[in-house]
Amino acid sequence: MTRVKDNSIQILREGELVQIEAYAPHIIRVRASVDRIIDQDWTLLPAETCEPKVWVDSENNTCLENGDIKAGVSEDGKITFWNQTGEILFEELWKKEGDIDARILKGHVGGLIHIEQNICAYEKEHFYGLGQEAHDLFDLKGAVLDLCHRNTKSTIPFVMSSRGYGFVWNNPAVGRVEFGTSQTRWVAEASRQLDYLVIAGDTPAKIEQRYCEITGYAPEFPMWATGLWQSKLRYETQDELLEAAREYKRRGITLSLIVCDYFHWPQQGEWKFDEKYWPDPEKMIKELEEMGVRLLVSIWPTVDPRSENFPAMREQNMLIRAERGPGALMYCRGPETYYDSTNPQAREFVWNRVKENYYDKGVRNFWLDEAEPEITPYDYDNLRYWLGNGMEVSNLYPFYYAKTFFDGQKKEEQEEIVNLIRCVFLGSQRFGTVLWSGDICADFASLRRQIKTGLHVAVSGIPWWTTDIGGFDGGDADSPEYRECMIRWFQFGTFCPVFRMHGFRYRADRPVVPPESMDSFCHSGGANEIWSYGEEAYTILRNYVEIRERLRPYIYENLRQASIDGTPLMRPLFYDFPEEERNYEIFDQYMFGPDIMVCPVCEAKVRKRSVHFPKGGLWIDTATGQEYEGGGDIVSDTPLSRIPIYLRKGTKLECRMFR
C-alpha cells in the first residue's frame, strides 16, 4: 500500500515501511525499516524546510517533486527518480522473476538488520567519489568496494554519477557497494534502517554544492598554511627539529609548517612531550614563530595499559572495548586500545589532557594519526563503542576524533583550525581537517594511484587533501631511481591543495637512541629535507617551492571558494567540462582551480607524455607560451625539470610564474 502523509510518501508492505521525503532543496531522502522510521541523521546537517509537491500521476504513480528532482512510486512499490527535464536518473532494480526485491531487510538479534538496496545499472554510467582508497581506479564502474576504514582507506559513502545525480548512503555501518554491470548494490551488514539521499543537479559543480550544503563546508583555509610543510619519520629531539627549520631559513626557503611526529611522548595514552628529548616546547615554538614557521604535533588515540590515564579511562568507560576476549585492539610497542571518540565524556577527557600538555604550551595544530582506528585484526563485530557495536557505527570514529579537537580549539576561541588526519567520514570537512592518504609506498606505481585518489577525495567533499610527497614506506635518498620518483612526486605535490613532505626514508644506522627511552622501540628514518636528494634534485625541488610561493594567493582564493560553495581546488576534468565524454576517462590531467591544468608524470624515465585539451577556449603552454585549441591532443616534452602545465586563455596568471 502507498499513501501520502505530511508531504511525504509512505510504502507499507509486509515486514517493511518505506518513507520518501524532501530533505533539502533538490534532494530526496529514502528511509526503510522493518518496523518504524528512526530520526537519526548521523553526521548530516539538519534538514532544511522544503515545499515539495505530492500527487498521483496519470499512470497511478505517487510522485514527490522537490525542485530539480522527482521521485515516483509505482503501484507495486518500485521507486524511480527523474531530473527537472524528465530524464530518468535511476530506478530501483525490480525483479519480479525470481522474486528479488529492490530493498532487502533481514533481521539480526538485538534490533539490527542486514540491508541491501538494489539499483538498475546503465550503460556508460560513470561513478566517482566514495572517499579515499589506493585502488588505482578512476571510474568506479565495475568495482566492488568495502564500506569501512583502514590505513590508506577512508570511506565517504557518497558518489557522483555521470547521469546527473549524487547518491549519499547515510549509514556508518560496515558494508560494501557493488557497481556492477547488471546492477548497483549498496549493503550494510548491521544497521537499524535503510537510509539514502539522492541529489539532482545539471552540472557536477551544482551537485557538489548541494551535497556540501547537507554535509558542511570546510572553514576558510588560512594563507599561512598554503606553503611547504616539512616532515619526516621522525625528528627524534627538539634540537633536531629546530636545526631542520633553521637550515630552511639559512637557505632562504619559506616553510609554512614543520612536524613533530609520533613517539615524542613517554607512553601511548599520555598526551604530552617526553621532557628528556623535548625539554622546552615553549622555547621551541617561539623560535619557530620567529622564523614564520608553525608547529604540527602528532597525536595518537591509542591508550596503553601502562599509561597514567588508562585506569581512569577504563573505569569511566572511555575506551573502545572488545565484545569478546582480551581488550587489546592492536599491538604497537605493547597491547593498545583506543579512546572512544563516540563518547562525549572521552572526547572532553582527551582534549583536557591535550590542552594542558600541548595547547597551553603554544601548540595550535595537531596531526590526528591512527584515525580509522587501526586495529588488528579488523573484526568490526568485536568492537564495542559508546554508540553501539562496531558493525553498526565503526565508520563514525574519525568524524568524532576530528570533532574532539575542533570543539576544544573552538572553545579556546581559536579562529584558524588546521589539523592533519588520516581518515574521514561524511561531514569531516567542517572540522578543519586536512586528509592525507596514509602509509603509501614510495614508488611510481603509488604516485600514479595518488592522482586518482586525490580526485576521488575532491569529489567526496574534502577540499583539503595531501599525500606524503615521495611516498611513505621506503625510498633511498642515494638511489638515482628513487630521486627521479621524488622529483616527479614533488612536482605533483606542488599542485595539490596541501604541499607536504613526509616519509620513512631508508637509513642503514637506525635506531640511534639510548635503550632506556621510548624511542629505542621506535625507528627513525633518514633525512627528508629537500636538499637530501642530491644537487640536481635540490635545484628542481627548490624551483617548485618558488612556483608554489608565487601561486599561494591563487591557491588561497580557490580554497576560500571551497568554503563558500564546495568547489574543490583540485578536481577532475569532467567537473569543469562535463559535456565531453572523454573527460570522464582522463585521470592523469586535472584542474587546479579554474585556470590551471596540471599534467603530472607518473612513470620512470618518461620524457614525453600525451595531453588532451578540453573543448572550449584556448590553452597556453607555460613553458613555451604556445597556444592550443580546445578539443585537440599533443605530445608534450617532459624533461625531469618540469611537468606540463597549461593556462586557460584569459586568466590573470602569467606563464613566468611557472618557470
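See the structure shown above.
One structure accompanies this document, and this report is about it. Here the structure is a predicted model, which means the values were calculated and not measured.

Each value, and the rule that gives it
- Residues numbered from 1 in each chain as written.
- Predicted model: local features only at pLDDT ≥ 70, side-chain atom pairs only at ≥ 80, totals over all residues.
- Heavy atoms only, no water.
- Pairing = 2+ DSSP bridges.
- Helix = DSSP H or I, 4+ residues; strand = E, 2+ residues; numbered from the N terminus.
- Axes fitted to C-alpha atoms, helices over the stretch in contact; angles between N-to-C directions.
- Buried < 20%, exposed > 50% of the residue type's maximum accessible area, 1.4 Å probe, protein only.
- Right-handed = clockwise from strand over helix to strand, strands pointing away.
- Contact = heavy atoms within 4.5 Å.

Turning our eyes to something else, we now look at the sheet that holds strand E36 (residues 618-621). Pairing is antiparallel across the open sheet formed by six strands, whose spatial order is E32-E33-E34-E39-E36-E37. Pairing within the sheet leaves two strands with one partner each, and these edge strands are strand E32 (570-572) and strand E37 (627-629). When strand polarity is set aside, the average angle formed by the axes of neighbouring strands in this sheet is 35°. Where strand E33 (residues 590-592) and strand E34 (residues 596-598) come together, three bridges link them in antiparallel fashion. Paired with phenylalanine 592 across the bridge in E34 is isoleucine 596.

Side chains on a regular strand alternate between the two faces of the sheet. Of the two faces of strand E29 (residues 433-436), the one lined by Thr433 and Leu435 and the one lined by Val434 and Trp436 are each fully buried. Of the pairings in the sheet, the one linking strand E28 (residues 419-421) to E29 comprises three bridges and is parallel in character. Residue isoleucine 421 lies in a different strand from E29, and its bridge partner there is leucine 435. Sheet topology note: the E29/strand E30 (residues 465-466) ladder contains two bridges and is parallel. Its bridge partner being in E30, leucine 435 is matched across the sheet by tryptophan 465. Taken together, E29, helix H8 (residues 444-459) and E30 constitute a β-α-β crossover, and its handedness is right-handed.

You can see glycine 617 is positioned in the loop between strand E35 (608-612) and E36. Look at glycine 617 and you get partly exposed, because its relative accessible area is 44%. Here the alpha-carbon distance between glycine 617 and serine 341, two residues 276 residues apart in the chain, equals 50 Å. In contact with glycine 617, other than residues within four places in its own chain, are Tyr628, Glu629 and Gly630.

Keep in mind these values describe shape, not function.
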